Amino acid sequence: MSIEEEDQVDSDALESRAIAVFDAGQFEEAARLYSRLSSLQPDNPVVHSCLGNTLKHLGRMDEALIAHERAVELAPEAARLWANFGGAYLAAGQIESAIEASAKAVGFAPKDAEMHFNLGTVLHSARRYKQACAVFERALDLDPNHPRVHLNLGSSLKVMGNIHEAVSHFAKATNLDPDFADAQWNLALGLLAVGMWEQGWERYEWRRKIADIPKQEYDFPRWDGHNLPDKRLLLHAEQG
């Protein structure tokens, strides 16, 4: 086996291991492996983009942006790499650069709903809600069954005061993916906002499946709403 062949075997094994540890959330190890891969394959844009994504998870944003910049230098018309670059810029708080990179991704893949979704999400983060809605609507033209687009379009509409339209899109997101906790939670809030109390409070329980919402657990059962004449209830503050 030649040196080149040995390096390829090593690279394949490293890549498989890097993907596995990244998927397991072991980002320090994934970064180490992708860094090694980038040395073995310095002209592989995907490796640099994966390294950038991993460094983003670690909060090492300066290094992440350098890796993504190298990726798009090597593959300047690769839409997904530009989308990854945009995501890194967004995480770094560089909103205008995130918009520019995400727009380039759309330009290189104008029929890809996911690219439009990414751009719309960045525009929403920039509080350009009207523009975000237009981009999300284009994404739905391309893929009307994209639950995350319905969720984010609903979020932009809600901020703009179009609450009934927002509720409609939240509902579509939950119909497409009944286990989509973020969509269920936003639908609950929307239903409460329009006075649909029973449906809203019922779905409000989905908050317990949202990782960012603090939860306080106790060793005794939660009240199910039934009359308990011989027992006491504990009321506690939950969300501030």
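Details of the structure are given in the entry above.
For the structure given in this document, a descriptive report is provided here. (Residues numbered from 1 in each chain as written. Predicted model: local features only at pLDDT ≥ 70, side-chain atom pairs only at ≥ 80, totals over all residues. Heavy atoms only, no water.)

Points about the overall build of the protein chain
Here is step 1 of the chain: Helices and strands together make up the secondary structure of the protein chain, namely 12 helices and 0 strands.
Here is step 2 of the chain: Computed over C-alpha atoms, the radius of gyration of the protein chain comes to 22 Å, more than 25% over the 18 Å expected from 2.2 N^0.38 for 240 residues, which places it beyond the range of a compact globule.
Here is step 3 of the chain: Along the three orthogonal principal directions, the C-alpha set of the protein chain runs to about 80 × 45 × 30 Å.
Here is step 4 of the chain: Burial statistics for the protein chain: of 240 residues in total, 40% are counted as buried.
Here is step 5 of the chain: Long-range contacts, defined here as pairs at least 24 residues apart, represent 43% of the contacts in the protein chain between residues at least 6 apart.
Here is step 6 of the chain: Accessible surface for the protein chain amounts to roughly 14100 Å². Of this, 50% is attributable to carbon and sulfur atoms.
Here is step 7 of the chain: One finds the centroid of the 24 positive side-chain charges in the protein chain at a distance of 7 Å from the centroid of its 36 negative side-chain charges. (Helix = DSSP H or I, 4+ residues; strand = E, 2+ residues; numbered from the N terminus. Rg over C-alpha atoms; globule rule 2.2 N^0.38 Å. Buried < 20%, exposed > 50% of the residue type's maximum accessible area, 1.4 Å probe, protein only. Contact = heavy atoms within 4.5 Å. Areas by Shrake-Rupley, 256 points an atom, 1.4 Å probe, with all protein chains shown as cover. Lys, Arg positive; Asp, Glu negative; His and termini not counted. Charge placed at Lys NZ, Arg CZ, Asp CG, Glu CD.)

Thoughts on the pattern of salt bridges
Here is step 1 of the chain: A complete count under the given rule lists 12 salt bridges for this structure.
Here is step 2 of the chain: Ionic pairing is found between E28 and R60, a salt bridge with its closest N-O pair at 4.0 Å. You can see E28 sitting in helix α2 (residues 27-40) and its partner R60 sitting in the loop between α3 (45-57) and α4 (61-74), a full 32 residues away along the chain.
Here is step 3 of the chain: Owing to a relative accessible area of 53%, E28 belongs among the exposed residues under this scheme.
Here is step 4 of the chain: For R60, a relative accessible area of 32% translates into the label partly exposed. (Salt bridge = Lys/Arg side-chain N within 4 Å of Asp/Glu carboxyl O.)

Overview of helix α6 (residues 95-108)
Here is step 1 of the chain: With 14 residues, α6 ought to run about 20 Å at 1.5 Å a step, and its terminal C-alpha atoms sit 20 Å apart, in line with that.
Here is step 2 of the chain: Taken together, the buried positions of α6 are occupied by A98, I99, A101, S102, A105 and V106.
Here is step 3 of the chain: Taken together, the buried residues of α6 touch α5 (79-91) and α7 (113-125). (Expected span 1.5 Å × (residues − 1).)

Considerations on the environment of L233
Here is step 1 of the chain: As for its placement among the helices and strands, L233 is situated in the segment after α12 (197-203).
Here is step 2 of the chain: The class for L233 is partly exposed, based on a relative accessible area of 45%.
Here is step 3 of the chain: Remark: the alpha-carbon pair of L233 and R222, spanning 11 residues in sequence, is separated by 9.2 Å.
Here is step 4 of the chain: Beyond its immediate chain neighbours, meaning those up to four positions away, L233 contacts W223 and L228.

Quick word on the side chain of H68
Here is step 1 of the chain: Turning to its location among the elements, H68 is positioned in helix α4.
Here is step 2 of the chain: In this structure H68 comes out as buried when scored by relative accessible area, which is 1%.
Here is step 3 of the chain: Polar side-chain contacts of H68 include one of 3.3 Å to the side chain of N53.
Here is step 4 of the chain: With sequence-adjacent residues up to four places away left out, H68 is seen in contact with H48, S49, G52, N53, N84, F85 and A88. (Polar contact = N/O pair within 3.5 Å; in protein donor to acceptor, adjacent residues only side chain to side chain.)

Some points on unusual backbone geometry
Here is step 1 of the chain: Here R127, not a glycine, exhibits a phi torsion of approximately 65 degrees, which is positive.
Here is step 2 of the chain: As for its placement among the helices and strands, R127 is situated in the loop between α7 and α8 (129-142).

What about a nonpolar patch on the surface?
Here is step 1 of the chain: On the surface, a cluster of nonpolar side chains totalling about 450 Å² of accessible area is made up of W223, L228, L233 and L235.
Here is step 2 of the chain: Here L235 is to be found in the segment after α12.
Here is step 3 of the chain: With relative accessibility at 78%, the residue L235 sits in the exposed group. (Patch = residues over 30% accessible without salt bridge, like charges linked within 9 Å, V, L, I, M, F, W, Y side chains within 5 Å.)

A word on the nonpolar core
Here is step 1 of the chain: Core analysis: the biggest nonpolar cluster contains 56 residues, and F85 and M115 have the highest contact counts within it.
Here is step 2 of the chain: A total of 7 residues in this core trace back to one element, the largest contributor, which is α5.
Here is step 3 of the chain: If we ignore the near neighbours within four places in the chain, the residues touching F85 are L65, H68, E69, V72 and A101.
Here is step 4 of the chain: Residues A188, L192, I210 and I213 belong to the second largest nonpolar core, which totals 8 residues. (Core = buried A, V, L, I, M, F, W, Y, C linked by side-chain atoms within 4.5 Å.)

Concerning the packing of α4 against α5
Here is step 1 of the chain: Packing of α4 against α5 brings their axes to within 9 Å, and their N-to-C directions diverge by 160 degrees. Judged on the interaxial angle alone, α5 and α4 are roughly antiparallel. Judged by the twist between their axes, the crossing of α4 over α5 is left-handed. Residues M61, L65, H68, E69, A71 and V72 of α4 pack against L81, W82, N84, F85, A88, Y89 and A91 of α5. (Axes fitted to C-alpha atoms, helices over the stretch in contact; angles between N-to-C directions. Parallel < 35°, antiparallel > 145°, perpendicular 65-115°, else oblique. Left-handed = near helix turned anticlockwise from the far one by under 90°.)

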